[in-house]
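The lines below spell out each chain.
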Amino acid sequence: LCGIPVHDPLESQPAPAVKPYPIRTPEQDLRRGKKFFITLAALLLLGPALLCFLIDLLLTGGVSWSVYPMGALTLLFITAAVPILAGKYRTYLSLATGFATLSAYLRLVEAISGTGNWFYPIVLPALALGTLLTTVAIILYRCDKLNKVSLLAVIFAFASLECLAIECLHTLALDGGVHFS
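Residues numbered from 1 in each chain as written. Predicted model: local features only at pLDDT ≥ 70, side-chain atom pairs only at ≥ 80, totals over all residues. Heavy atoms only, no water.

A.B. asks: Explain the confidence of the model for the chain to me, and be specific about the residues and the numbers.
C.D. replies: Summing up the model confidence of the chain, the mean pLDDT is 87 and the portion of residues at 70 or higher is 89%. Across the chain, helix α5 (residues 119-142) holds the top mean pLDDT of 94, while helix α1 (residues 26-29) sits lowest at 60. (pLDDT = per-residue confidence, 0-100. Helix = DSSP H or I, 4+ residues; strand = E, 2+ residues; numbered from the N terminus.)

This is how it looks when you write it as structure tokens:
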């Protein structure tokens with residue numbers, strides 16, 4: 001019905017000079033490069049950031065609360081862009097960039113909010129420990145040192161260690177001593 005001849009597969013057929021269908025269609029040859037995805041992510045995140053900025057500017061006559069969503073959208077953009085641009089060490093570069101950008105954003109939140117000194121004594125050490133433990137878990141997984149159940153146990157142990165560290169850092173910053181509540 002479609003005009004393509006049907007051949008018996010058991011009979012030997014001579015190869016046709018021109019194939020009845022193309023090997024690849026033009027749609028299959030369209031490939032999007034890294035630059036396309038970075039530009040797309042930037043444009044998708046730039047719209048809400050500008051909208052927040054304009055609303056803040058119109059409502060308050062200055063820039064006050066819009067710094068928070070603009071910073072979060074910037075953090076999201078960097079988190080999406082680094083894995084796309086990174087090569088061989090994508091995972092470790094993403095972890096390092098995530099640590100740096102999240103640290104910068106949370107320091108910005110502390111500076112703008114004026115809620116006290118909580119970034120350096122609590123957040124930065126907890127974030128550094130979490131990044132380190134995540135890196136160790138990834139290295140253990142990639143070196144095939146652990147099976148999946150053991151890896152899951154290590155992840156839960158690391159999460160418990162992170163929770164204990166946060167509790168210690170919090171009580172140390174507030175009370176000057178380490179105790180658990």
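A.B. asks: Go over the side chain of S66 with me, naming the residues and quoting the values.
C.D. replies: Position of S66 among the secondary structure elements: in the loop between α2 (34-60) and α3 (67-85). Residue S66 is classed as buried on the basis of its relative accessible area, which comes to 0%. Of the polar contacts made by the side chain of S66, one reaches the side chain of D56; its length is 2.8 Å. If we skip the residues at most four places from it in the chain, S66 touches C52, F53 and D56. (Buried < 20%, exposed > 50% of the residue type's maximum accessible area, 1.4 Å probe, protein only. Polar contact = N/O pair within 3.5 Å; in protein donor to acceptor, adjacent residues only side chain to side chain. Contact = heavy atoms within 4.5 Å.)

A.B. asks: Any chance you could break down the packing of helix α4 (residues 90-113) against α5 for me, citing the residues and the numbers?
C.D. replies: Running from amino to carboxyl end, α4 crosses α5 at an angle of 165 degrees, the nearest separation of the two axes being 11 Å. One finds that α4 runs roughly antiparallel with respect to α5. Crossing hand, α4 versus α5: right-handed. From α4, T91, Y92, L95, F99, L102, S103, L106, R107 and E110 reach across to α5, where they touch F119, Y120, V123, L124, L127, A128, T131, T134, T135, I138, I139 and R142. Of the residues belonging to the contact of α4 with α5, the class tally is 13 nonpolar, 5 polar and 3 charged. (Axes fitted to C-alpha atoms, helices over the stretch in contact; angles between N-to-C directions. Parallel < 35°, antiparallel > 145°, perpendicular 65-115°, else oblique. Left-handed = near helix turned anticlockwise from the far one by under 90°. Nonpolar A, V, L, I, M, F, W, Y, C, P; charged D, E, K, R; others polar.)

A.B. asks: Now, about the side chain of T101: what can you tell me, with residues and values included?
C.D. replies: Here T101 lies in helix α4. Judged by its relative accessible area of 15%, T101 falls in the buried class. Excluding residues within four positions of it along the chain, T101 makes contact with L75 and I78.

A.B. asks: Give a detailed account of α3, specifying residues and quantitative values.
C.D. replies: Residue pairs spaced three or four apart in an α-helix point in one direction, given the helix's 3.6 residues per turn. The terminal C-alpha atoms of α3, which comprises 19 residues, lie 26 Å apart, in line with the 27 Å expected from a rise of 1.5 Å per residue. When α3 is considered as a whole, its buried residues turn out to be V67, G71, L73, L75, A81 and V82. Of the surrounding secondary structure, the elements contacted by the buried residues of α3 are α2 and α4. (Expected span 1.5 Å × (residues − 1).)

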